[in-house]
Structures are given as structure tokens and as C-alpha cells.
There are 2 protein chains.
Amino acid sequence: MKALQMIGFDADDTLWHSEGYFDAAHAEFEAVLGRYVDLSQAAVQDRLLATERVNIRLFGYGAKGMALSMVETAIAMTDARISAADIHRIVELAKSILSHPVELLPGVREAVSAVAGDRPVVLITKGDLFHQERKIEESGLGDLFHRIEIVTEKDERNYARLLREFGVEPARFAMVGNSIKSDVIPVLALGGYAVHVPYRLTSALERAEVDAAHPRFAAIAALAELPTALARFEHAPPP
Amino acid sequence: MKALQMIGFDADDTLWHSEGYFDAAHAEFEAVLGRYVDLSQAAVQDRLLATERVNIRLFGYGAKGMALSMVETAIAMTDARISAADIHRIVELAKSILSHPVELLPGVREAVSAVAGDRPVVLITKGDLFHQERKIEESGLGDLFHRIEIVTEKDERNYARLLREFGVEPARFAMVGNSIKSDVIPVLALGGYAVHVPYRLTSALERAEVDAAHPRFAAIAALAELPTALARFEHAPPP
């Protein structure tokens, strides 16, 4: 095969910790609701997830939409008995997510720098524009990326549009990220390469499966293994 | 002067109606609060605006941040006496803004098409990524634009970055929009041209003033006058 011309990186849970903050907010939400309703944590989460799936069409991803969906779910589940003070705690959950410090995952700077030395790297992330820009700035990694693209959904259509804008054929592009749904499946479908770096937590909205034997797919345990995985793609016979 | 190489358009209240929906949400918020506190509408708005100015650092612009700031303000102003049902009404205000139909302002399609026939036009807007993308799609204008850029803040730094990416000198660029603060002042400061098309309402967060005699500034009453205003820039002696 020809050399890969461009490497795309996901951001949340690939370069830095994120889902843990959402997870902590969910636990706090369950604790608040637990004072009003006699339901399991799983039942509370199911109800919240159902609200989020409906609202995502209007709210998109991110902490602000999460908080609004939580407020709505809390009011519905308590038959409007929840106190204003407890609703205020839910609004504060959004603020705590939006202001958490950016903590890079191990070996991230080294891995991105190594890959960026060989060809342009781009950051492709989804979610809240404002929050993502703040995290990119705070991460100190912004200058390593040739382009930074924040999209509403990481689907085939948006990847195809971005690759057209970058002037790169999908077959010369590899995407690296923690989400099978957002970083792997759409890129493989376009004819590109994908490297999965799992994170310890996966949002319920991101769960999906891929054929691990796919010839343009690799799974690695940490970003330190990325240069080797990319080299394997480049030296494998054409799939 | 040399010909303008690229024209930028703002979106909300320049191409389509927007502020009226936020205005209606504010009126509804005042009505809800009016049942709890004995304060003028202006006092309620002042309190909300103060909360928004603090929160914008975390929330950015858009309907979701507005609703969260409203919930927070309502709880604070009522000493947490506000009912969950009324808080739910506030969450619904965000949904109603996020799902309003896109109504183009008069003559927009013709004006953008006319300008796009002469040189590339780009859309530069701020606010909620998800909401802006939906409105652009629903407007049917997306294909007229060479590039669509949704930024967190329309300031000098972001305009400078975008113009670098576009490969256009500020002195060959004109921005068209309804906001003196976001569409006019930063572009003039960079050495570009700006055309102000006022909308009947201006958000309290967007109020600013410009020297109307500035040689690279024009004010028009409607987009139909845009081609004439641009031609005047191109035929004026260098400022």
C-alpha cells in the first residue's frame, strides 16, 4: 500500500481523561434522585439515557445538554417533587464538568509528536465547541495539529467532508481513538484505516462493535504503541 | 484599492431570524419569575444578564447555556421557592429555541447568490455548533458557501486565524453582519472591510459602537443593498 498521508486523532478519552467526569456526574445524579425515588441506580440511568437519546437530536453531545436532560428526567421521575436546591446541584454538575482540569493520558505528547514528525496530524472531535476549544488550549497540544475540527457527529458524511477539505483520500488516512462507533466504524466504511485505543469507560451513547480481524483495523493498549501499529498498516499487503 | 477576494457572512439575524426567539424566551422567563418575585422585568433581565456574563466563560453562547443560566437565576431570585414544574418550563424554552423554523430574511438568497457569483463567500457564525449546523442545513443556503466556520467567539484572534487558513489578506476581505461587536469591530481592527446590516433586535451581549465614518465601514438597511456597498469599497480611493 501507499504511505498514510494524514493521521486523525480523537480528543476526549484518547488524548485526555473525560468520561470519568461524566461518570462522576451520573453518580451524583443517582444520589440526588435516590432521595426521592425507590429505584435502582440502573433504573435511574436507563431513564436518563432514554431522555438523552430523545434530546440529542436538539442538544447534541456535551455537558450542557446532559445537565438539561438530567433536570428534565429528575422532574419527570419525581413527579415534580424535586426541590429547586437539588435542581441547582444538577446545574452545578454541568459546571464542574466544563471546568475540570485537562489531564493528558500517559505517553500522549510523545506519541502525537512522533507521528506528527512523519506527516500532518489533525484533531477530529465532537461535542461542545466551547468546551472542546478550552480543553485543546489547556492541553498545550494544539500546535502539534495541522487542523482542529470540532463536528456535531463523527459519521461517514462528516469524515468524507473533512477528508475532501484536507485533500486526502480515505485510503491514505488513519483515525486513532477510543470510540468504535465514532473513530473506527465510519472511517473503515469510507475505506480508511482505524486504530482503537480503548479507555477504561465508554459512554452508553458510544457503544458499538467492530470485526477485530478487519484488515484496516488495529487495536492497541496505549498510544505508545501507535507508531508500530501505523508501520504495520504501511507494510502489510493491500487488503 | 484591489478587489475584495472573499466576503464573509454572519448567520443569525443576518441571513435568518434568531434574536426574536431568544427575546420571546426572555419574556416567558420574566412571566414565570413574576409569579414569585415583585420586581420589574428590567430587574429580572439585569439579574439574568449578570448570571450569563459570569457563565459565558463556561457555557459559551447559545440556547442551552441560556436555559442553564435561567434555571440558576430563577432558583437564586426565588430563594429556591420556584417549583419544579416552572423549572421544567424554562428547560422547554431551550428546546423551543433549538427547534424553531429557519425563516430567511428578505432578499437573502438573491444577495448571497449575487455576491457568490463574483468571489468565494464564507459563513462565519458563533454559538452552539449543533444548532448552527441544523439551521444552515434547514436554510438551504449551505451550498452557496465555500466554507462554513462556527467559532466560539468572533474576535480578532479567530478572524485572523480563519483568514490565514483561507489564504486571504484582511485588506481583501469584507464581513457582512448585524453585530457591531462581532462582525464589524474585529474585522476593521485587522484591516478588513465591514458592512453592518442592523436587525430590529440586538442581544444585550452584542451591544457596541463603531465610528460610522470609518473609511472601511458601510451601513446598509437590507442585504439587497450589499452589492452596491461592496462596489463602493472597491472603487473608493485607498483609505
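Because the structure is a prediction, the values reported are computed rather than measured.

Right, let's talk about the relation of the copies chain B and chain A for a bit. Its rotation angle being 180°, the transformation that places chain B on chain A also includes 0.0 Å of axial translation and leaves an RMSD of 0.0 Å. Here the symmetry operator amounts to a two-fold rotation axis. Here 100% of the interface residues in chain B have copies in chain A that are interface residues too; the copies meet face to matching face.

This brings us to the nonpolar core. One finds Phe9(A), Leu15(A), Phe9(B) and Leu15(B) to be the most contacted residues of the largest nonpolar core, which totals 66 residues. What Leu15(B) contacts, discounting residues up to four positions off in sequence, is Phe9(B), Asp10(B), Glu103(B), Leu104(B), Leu105(B), Val108(B), Val112(B), Leu123(B), Leu141(B), Phe145(B) and Leu223(B).

So, about the domain arrangement of chain A. Residues and elements named next belong to chain A. Domain annotation for chain A reports domain 1 (6-16 + 102-235) and domain 2 (19-98). Counting residues at the interface gives 17 residues for domain 1, matched by 12 residues for domain 2. When residues of domain 1 are sorted by the area they lose upon contact with domain 2, Asp128, His131 and Leu205 head the list and together hold 40% of the total. Here domain 1 and domain 2 share 1 salt bridge between them. Taking the shortest distance from any N to any O, the salt bridge between Lys64 and Asp128 comes out at 3.0 Å.

Residue and element names in this part refer to chain B. The interhelical angle for the contact between helix 7 (residues 156-166) and helix 8 (residues 180-190), taken along N-to-C directions, is 65°, at an axis separation of 9 Å. Considering the angle they form, helix 7 stands roughly perpendicular to helix 8. Note that helix 7 runs across helix 8; the crossing there is right-handed. On helix 8, the residues that touch Glu156, Tyr159 and Ala160 of helix 7 are Ser182, Asp183, Pro186, Val187, Ala189 and Leu190. Here the residues of the contact of helix 7 with helix 8 sort into 6 nonpolar, 1 polar and 2 charged.

With that settled, consider the sheet that holds strand 4 (residues 173-177) of chain A. All names here are of chain A. Within the open sheet, the 6 strands sit side by side as 3-2-1-4-5-6. Their pairing is parallel. The outermost strands of the open sheet, each flanked by one partner alone, are strand 3 (147-151) and strand 6 (217-219). If you compare each strand with its neighbour and ignore which way they point, the axes differ by 20° on average. Pairing of strand 1 (residues 6-9) with strand 4 involves 4 bridges; the strand directions are parallel. The residue bridging Ile7 from the neighbouring strand is Ala174, located in strand 4. Across the sheet, helix 7 (residues 156-166) is in contact with strand 1, strand 2 (121-126), strand 3 and strand 4; its angle to strand 3 comes to roughly 155°.

This part takes up the interface of chain B and chain A. The partner chain A presents 37 residues to the 37 residues of chain B that form the contact. Regarding the contact of chain B and chain A, the summed buried area is about 3300 Å², with carbon and sulfur atoms giving 68% of it. Interface area lost by chain B to chain A is led by Leu58(B), Lys64(B) and Phe130(B), which between them contribute 20%. Put simply, chain B and chain A have 6 salt bridges between them. Close ionic contact of Glu137(B) with Arg157(A) constitutes a salt bridge, the shortest N to O distance being 3.4 Å. Of all the secondary-structure elements, those providing two or more residues to the side of chain B that touches chain A are helix 2 (41-59), helix 3 (63-77), helix 4 (84-98), helix 6 (129-139), strand 3 (147-151) and helix 7 of chain B. With 9 residues, the top contributor of residues to the side of chain B that touches chain A is helix 4 of chain B. Its residues assigned to classes, the side of chain B that touches chain A shows 20 nonpolar, 7 polar and 10 charged.

Calculation criteria
Residues numbered from 1 in each chain as written. Chains lettered and ligands numbered in written order. Predicted model: local features only at pLDDT ≥ 70, side-chain atom pairs only at ≥ 80, totals over all residues. Heavy atoms only, no water. Least-squares fit on C-alpha atoms with pLDDT ≥ 70 in both. Contact = heavy atoms within 4.5 Å. Core = buried A, V, L, I, M, F, W, Y, C linked by side-chain atoms within 4.5 Å. Buried < 20%, exposed > 50% of the residue type's maximum accessible area, 1.4 Å probe, protein only. Domains from an automatic or database assignment. Buried area = accessible area lost by both parts, 1.4 Å probe. Salt bridge = Lys/Arg side-chain N within 4 Å of Asp/Glu carboxyl O. Axes fitted to C-alpha atoms, helices over the stretch in contact; angles between N-to-C directions. Helix = DSSP H or I, 4+ residues; strand = E, 2+ residues; numbered from the N terminus. Parallel < 35°, antiparallel > 145°, perpendicular 65-115°, else oblique. Left-handed = near helix turned anticlockwise from the far one by under 90°. Nonpolar A, V, L, I, M, F, W, Y, C, P; charged D, E, K, R; others polar. Pairing = 2+ DSSP bridges.

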